[in-house]
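In case you want the letters, here they are:
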Amino acid sequence: MQRQPFDKNWRFHLGDPEGAPWRELDDSNWRQVDLPHDWSIELDRQPDAPSIASGGYFPMGRGWYRKTFTAPDDWRDRQVFIEFEGVYMNAEVWLNRNFLGRHPYGYTTFRYDLTPYLAIGGENVLTVKVDNDTQLNSRWYSGSGIYRHVCLQIGGPVRVTPWGLYVTTPSVTDDAAEVAVETTIANDGESDQTVTVHAHVLTPEGAVIGSAETSLVIEAGTKRTARQQIQVAEPRRWSPQTPQLYRLEAEITVGETLVDTATTSFGIRTLVFDAERGFLLNDKETKLRGGCVHHDNGVLGAAAYDRSEARKVELLKANGYNAIRCAHNPPSPAFLNACDRLGMLVIDEAFDCWREGKTPYDYHVAFADWWDRDIESMVLRDRNHPSIIMWSIGNEVRERNGRSQGATIAQQLAGRIRELDPGPNAGDGRAITAGINGGGNAWPWEETDAVFDALDVGGYNYQERQYRPDHKRHPDRIMYASESTAGEALEHWHSVLELPYVIGDFVWTSLDYLGEAGIGRVHFNPSTKSFLGDYPWHQANCGDLDLCGFKRPQSYYRDILWGTGSKLYIAVHDPLPPDQEPIITYWGWPLVSADWTWPGREGETFQVDVYSGCEQVELTLNGRSLGVRPTGQDTRYIATFDVPYDAGSLTATGYDGDEPVAKWELHTVEAPVGLRLTADRSEIRADGQDLSFITVEIVDRLGRVHPKADAEIYFTVQGTGTIAAVGNGDPTSKERYRGNQRSAHQGRCLVVVRATDTPGDIRLRAQADGLDEADLTLSTVA
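Fair warning: this is a prediction, and the values are worked out from it, not measured in the lab. (Residues numbered from 1 in each chain as written. Predicted model: local features only at pLDDT ≥ 70, side-chain atom pairs only at ≥ 80, totals over all residues. Heavy atoms only, no water.)

(A) The arrangement of the sheet that holds strand S37 (residues 649–656) in detail. Strand order in the open sheet formed by four strands is S35-S34-S37-S38, and the pairing between neighbours is antiparallel. Of all the strands in the sheet, the pair left with one neighbour each is strand S35 (624–630) and strand S38 (659–667). Averaged over all pairs of adjacent strands, the angle between strand axes in this sheet comes to 20°, irrespective of strand direction. Alignment of strand S34 (residues 616–621) against S35, held across five bridges, turns out to be antiparallel. Within the sheet, the bridge partner assigned to Leu621 lies in S35 and is Arg624. (Pairing = 2+ DSSP bridges. Helix = DSSP H or I, 4+ residues; strand = E, 2+ residues; numbered from the N terminus. Axes fitted to C-alpha atoms, helices over the stretch in contact; angles between N-to-C directions.)

Following this line, the structure appears as structure tokens:
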């Protein structure tokens, strides 16, 4: 079927308008928006917001979208569907005042047939109501609106069904791979049709290297699946190191007439999960250096721009990750496309709850009626992605110890996925998993066996202590940390290295996110019982990378554990309030930074930690040695020094034996004098969607970032772009994420520029009182 983007020129109204969708609505005063769109990120956070700390104190509410379009004459004998990749939540859709349906879940893709109600050759009006008013319905920031792409799908009576191409590689050797293709074809015509499926495999460069042809009769009003096998010689295997993507193209003919085409990318790789050998990707043991990722895009809120989704994957890959657990819902197609293209392994997760809810209005209210449809949507949409290695049926569900029919539900969910995507015994079959946590003192851990029995691989949330005893009870069980904290990274990663049946560790979280405000904070109030923070906390503050994607101290520590980045990092502890002890929450990290600029504190003693992947480390201040400390597993790869503050240079040198092998330096910076702009990409597409993420830094005369600068920075943009978002990573900021100004936090902030549809130049200027301004030019190309 032909796909036609349908993102542009919608009208939006926040709140309920006068009138009803089955009557005429006056949308002349509604705001024009393009999709994807999240209205909550545009608004001021409020201490009394019904979303409370879970939703980051963002307003939610109800919103309405309308789009007017003309149905051309060449649609007259065609079938026209509309597909929504994601709407949060409770979407209701009308075409020309005809009700098409309701979709409760905010994270699965759905579609409706527009054909019966289209006015061919005339004007049509599509109306979408989005209801996110009933709070709480999420434990994290959900965003609100049509936050993923929308498209039309147009085809004839004989056509490949949506997600009707299914490609697997059941047999793979170095010499050859068998590519199995299933093509499901619908015949909505009035007569039986003899259909021929022509399937072609194309190399990553686009050359056809194998084909198959199959004919079958499809009765009127039915659909059938053609099954074919194509041999590929000397296959190039997909992996994080070599993300080779082949393409499958299918042509459907009736007689000599081409009636439809369909295409999908796929990868050739094998997956094996084994308690004795671990996880084997292409016959090689692979340890999962994993991170959990929520669906939001940081300063952009939930809006799923293709570029922002790809940037998340790029950031994580650059910081040593090779695997992502999608928490706790199916991600956008753009995110999975980026994982395929860039080489990132994925756990695709369905739900955060089953029949028993965690908040009053979460998915549990729809689970009984919708779980099967939502599982089908997730698996059929995503099953051709080579990046996906496991399907997760849930996270920390209330029924995890088997009560409330938990074991039966787990078997039903797992069974349905296996029907849609057979495995794991097939050569490229995926495993079924779930994130399971304990019950505290409410019930014994062993009761989780009832749900674990439905899984191929057991996900352990914060249960590293259970690995060894569970292995004694269940020697064939394959395990991994589906969630862990930065503070317990050492124990979790060494279990991965030491135990073959433990295949990976997924930190909560790799990227910081909106909502679950302050779960990773440090505070000084021993009477506080909630693990969430009060307003103005609105970010979780537990990510290895902050909301802007800037690297945090715990990410440098993880580099050392994984051996993937720098071997040294200097972490200076913030001076603490007198007579107060810091309380670090379970997901938190000490108040440290790479900062040796503390004017007015000369002679005051600072605790300085050096994270070290070397055998020993020496710390010097202005050339004077402060001592040598051993570092390794026994010291948690940290050397601690007490250092009287003196402006200048603080230098850590790492040694293996007597040889210096690494160095890290901090310098006392001078007064800030100017701004610096650095774009992640200087050329972007003029498609109305592409983005450039620009880091804004306050620097001294030597170009060094001032770690305490917090000036308010104003942005102006001219040319073929607009400002899409601003942010600074400060989890307690009260500033909006939309606008043309932002205060710096720790000397920097972020501005995101979005291209228009017109090729040309974008000129961005940053200004702040008392600082030299900075300018940057981006190019937008067709």
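(B) Fine view of the packing of helix H3 (residues 367–382) against helix H4 (residues 406–420). Direction vectors running N to C along H3 and H4 enclose 30°, while the axes themselves pass 9 Å from each other. The handedness of the crossing between H3 and H4 is right-handed. For the pair H3 and H4, the contacting residues are Phe367, Trp371, Asp372, Ile375, Glu376, Met378, Val379 and Leu380 in the first and Ile409, Gln412, Leu413, Arg416, Ile417 and Leu420 in the second. Per-class residue counts for the contact of H3 with H4 are 10 nonpolar, one polar and three charged. (Left-handed = near helix turned anticlockwise from the far one by under 90°. Contact = heavy atoms within 4.5 Å. Nonpolar A, V, L, I, M, F, W, Y, C, P; charged D, E, K, R; others polar.)

(C) Helix H7 (residues 489–498), seen in detail. Burial runs high along H7: seven of the 10 residues are buried. Residues of H7 that are buried sit in contact with strand S21 (288–293), helix H6 (467–473), strand S27 (479–484), strand S28 (502–507) and helix H8 (553–562). (Buried < 20%, exposed > 50% of the residue type's maximum accessible area, 1.4 Å probe, protein only.)

(D) Structural context of the pairing of strand S41 (residues 691–699). In terms of burial, S41 is a largely internal element, eight of the nine residues being buried. Note that strand S39 (residues 674–679) and S41 share six bridges and pair antiparallel. Each residue of the ladder has a partner; that of Leu675, found in S41, is Ile698. Note: S41 against strand S45 (residues 748–755), seven bridges, orientation antiparallel. Each bridged residue has a counterpart across the sheet, and for Phe693 the counterpart in S45 is Val752.

(E) How the structure looks around the environment of Phe367. Its place among the elements puts Phe367 in helix H3. Sequence separation of Phe367 and Arg416 is 49 residues, and the distance between their C-alpha atoms is 15 Å. Ignoring sequence-local partners within four residues, the contact set of Phe367 consists of Phe351, Cys353, Trp354, Arg355, Ile409 and Leu413.

(F) Broad picture of the side chain of Ser510. By secondary structure assignment, the location of Ser510 is in the loop between S28 and strand S29 (522–523). Under the relative-accessibility criterion, Ser510 is labelled buried at 0%. Engagement of the side chain of Ser510 in a polar contact is seen with the backbone oxygen of Cys292, the distance being 3.0 Å. Non-local contacts of Ser510, meaning those with residues more than four positions away in its chain, are made with Gly291, Cys292, Val293, Leu316, Tyr321, Gly543, Asp544 and Leu545. (Polar contact = N/O pair within 3.5 Å; in protein donor to acceptor, adjacent residues only side chain to side chain.)

(G) Local environment of the environment of Phe715. Positionally, Phe715 belongs in strand S42 (residues 712–719). Exposure remark for Phe715: the relative accessible area of 2% places this residue in the buried category. Taking C-alpha positions, Phe715 is 8.8 Å from Gly739, a pair spaced 24 residues apart along the chain.

(H) Geometry of H8. With 10 of 10 residues buried, H8 lies mostly within the body of the structure. Along H8, the residues classified as buried are Pro553, Gln554, Ser555, Tyr556, Tyr557, Arg558, Asp559, Ile560, Leu561 and Trp562. Among the residues trailing H8, Gly563 stands out with phi positive, at a value near 70°.

(I) Examining the sheet that holds strand S9 (residues 123–132) more closely. An order of S3-S2-S4-S9-S6-S7 is seen for the six strands of this open sheet, with the pairing classed as antiparallel. Sheet topology places strand S3 (31–33) and strand S7 (98–103) at the edges, where each strand pairs with a single neighbour. Strand-to-strand twist across the sheet, computed as the mean angle between neighbouring axes with direction ignored, equals 25°. By the bridge criterion, three bridges tie strand S2 (residues 10–14) to S3 in an arrangement that is antiparallel. Paired with Phe12 across the two strands is Arg31, which belongs to S3.

Keep in mind these numbers describe shape, not what the thing actually does.
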